[in-house]
Amino acid sequence: MRGRDDSAAGVESGPVKPAPFDYVRARTLDDALAALDADSKILAGGQSLVPLLNMRLVRPTRVVDINAVPGLAGVRARPDGVLEIGALTRHTDLLASTLVRERLPLVAAATAHVGHRAIRNRGTIGGSLAHADPAAELPAALLALEAGVVISARGGERRVALDDFFVGALTTLLGAGEILRRVEIPDPRDAAWGFAEIARRPGDFAIAGVAVALHGARGQSARARLVAFGVGDRPVRLRAAEAALSRTAPTRELAARAAAQAAADCRPVDDVHASAEYRAHLVEVLTERAVADAIGRLLA
Ligand code: FAD
């Protein structure tokens, strides 16, 4: 169905309903995997997929709904300290989780910036990673925490570090017939964190943002991970700034030193929201804020 034609007023609106597709509501992971082929799309929270369907920017022949598949949601701590988050865990449930608030405060801080309540009630962590919007908060926060994902396919499972998972704008290593099953985050107990973003309005995608995790013994930052978002085609490791912070006793002055290096790894572009130059400036300012917060927590 075509949308209303406003061409007389100089505006032609696009389609507002999806092209026809088969709908499969999978009851088990095996059912879901069996239903997937090269022209299928997985439906999780639908907060990114449904707009794309409605605008006919994607035209799958089949949509495989995984919402009724048991065991895909929830947060748990393994005996080895690794935290597992099921792909179908809603943003709202991340925010409500005591484990997330206590052990993954960086994830909680990032999730609080995702959209509005209605979006957080449906949107999932797996959908956010699989959709791979370069301005999304969770991919950056989870990359800073050195997380990886477990991906299921008919032939078995594979684990991929988030460092390798994002390959471009809205593009990941996920192949046809694969389902992101869960996220695994190494024991984050020694990580001090910081998070800062600028968006035009609360709930908007960020113009730019920075997530920071400082891993190390109290009083000594052994390893720093800084990830910027909104300033490249994927979440961007700020490696020069990381080097300025690693294996150095943390002091508050270090935040300015890291900020001075922050833009070196970013490749921002101009768009309707901001110029590339402004985004590069924001990354410096936000890096200084987020690193200062992380160092403050490390020294507390
Ligand atoms: P879906 O829309 O169901 O799917 C998205 C894509 O991922 C599809 O291609 C789907 O096939 C694939 N997919 C989903 N789950 C899996 C899986 N388990 N395995 C393999 N592939 C999978 N996000 C932000 O990060 N920050 C924001 O500020 C923000 N603001 C928003 C504002 C609005 C108005 C809207 C509508 C959305 C916003 N979002 C924002 C997006 C939101 O976070 C989505 O929830 C998220 O991007 C996708 O999650 P989903 O579960 O809705 O995935």
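Residues numbered from 1 in each chain as written. Predicted model: local features only at pLDDT ≥ 70, side-chain atom pairs only at ≥ 80, totals over all residues. Heavy atoms only, no water.

## Some remarks on the side chain of Thr89
Position of Thr89 among the secondary structure elements: in the loop between strand 5 (83-86) and helix 3 (91-96). Among the polar contacts made by the side chain of Thr89, one reaches the main-chain carbonyl oxygen of Gly86 at a distance of 2.7 Å. If we ignore the near neighbours within four places in the chain, the residues touching Thr89 are Leu72, Ala73, Gly74, Val75, Leu94, Gly123, Thr124 and Ile125. (Helix = DSSP H or I, 4+ residues; strand = E, 2+ residues; numbered from the N terminus. Polar contact = N/O pair within 3.5 Å; in protein donor to acceptor, adjacent residues only side chain to side chain. Contact = heavy atoms within 4.5 Å.)

## Focus on the pattern of salt bridges
The full count for this structure, using the stated rule, is 20 salt bridges. With its nearest N and O atoms 3.2 Å apart, the salt bridge here joins Glu184 to Arg78. Placement of the pair is Glu184 in strand 10 (residues 179-185) and Arg78 in the loop between strand 4 (75-77) and strand 5, with a sequence separation of 106 residues. For Glu184, a relative accessible area of 12% corresponds to the buried category. Classification of Arg78 as partly exposed rests on a relative accessible area of 21%. Salt bridges here are not isolated pairs; linked through shared partners, they connect Arg76, Arg78, Asp80, Glu84, Arg159, Arg182 and Glu184. (Salt bridge = Lys/Arg side-chain N within 4 Å of Asp/Glu carboxyl O. Buried < 20%, exposed > 50% of the residue type's maximum accessible area, 1.4 Å probe, protein only.)

## Structural notes on unusual backbone geometry
Here the phi dihedral of Arg56 falls at roughly 60°; this positive angle occurs in a residue that is not glycine. Along the chain, Arg56 turns up in the loop between helix 2 (49-54) and strand 3 (62-65). Of note in the backbone geometry, Leu170 takes a positive phi value of approximately 55° without being a glycine. Along the chain, the position of Leu170 falls in the loop between strand 8 (166-168) and strand 9 (171-172).

## Points about helix 11 (residues 254-262)
Among all positions in helix 11, only Leu254, Ala255, Ala258, Ala259 and Ala262 are buried. The buried residues of helix 11 all sit within an arc of 140° when viewed along its axis, so they share a single face. Facing away from the buried side of helix 11 by more than 90 degrees, the exposed set consists of Arg257 and Ala260. Buried-residue contacts for helix 11 involve helix 10 (239-245) and helix 12 (276-299). (Arc of directions from axis to C-beta.)

## Observations regarding the site of the ligand
Close to the ligand lie 30 residues, the nearest being Ile42, Gly46, Leu49, Thr124 and Glu137. A distance of 2.8 Å separates an oxygen atom of the ligand from a polar backbone atom of Gln47. Contact between the ligand and Leu180: a nitrogen atom at 2.8 Å from a main-chain N or O atom of the residue. Considered on its own, the ligand offers 970 Å² of accessible surface; in the complex 88% of this is hidden by protein. (Near = heavy atom within 4 Å. Areas by Shrake-Rupley, 256 points an atom, 1.4 Å probe, with all protein chains shown as cover.)

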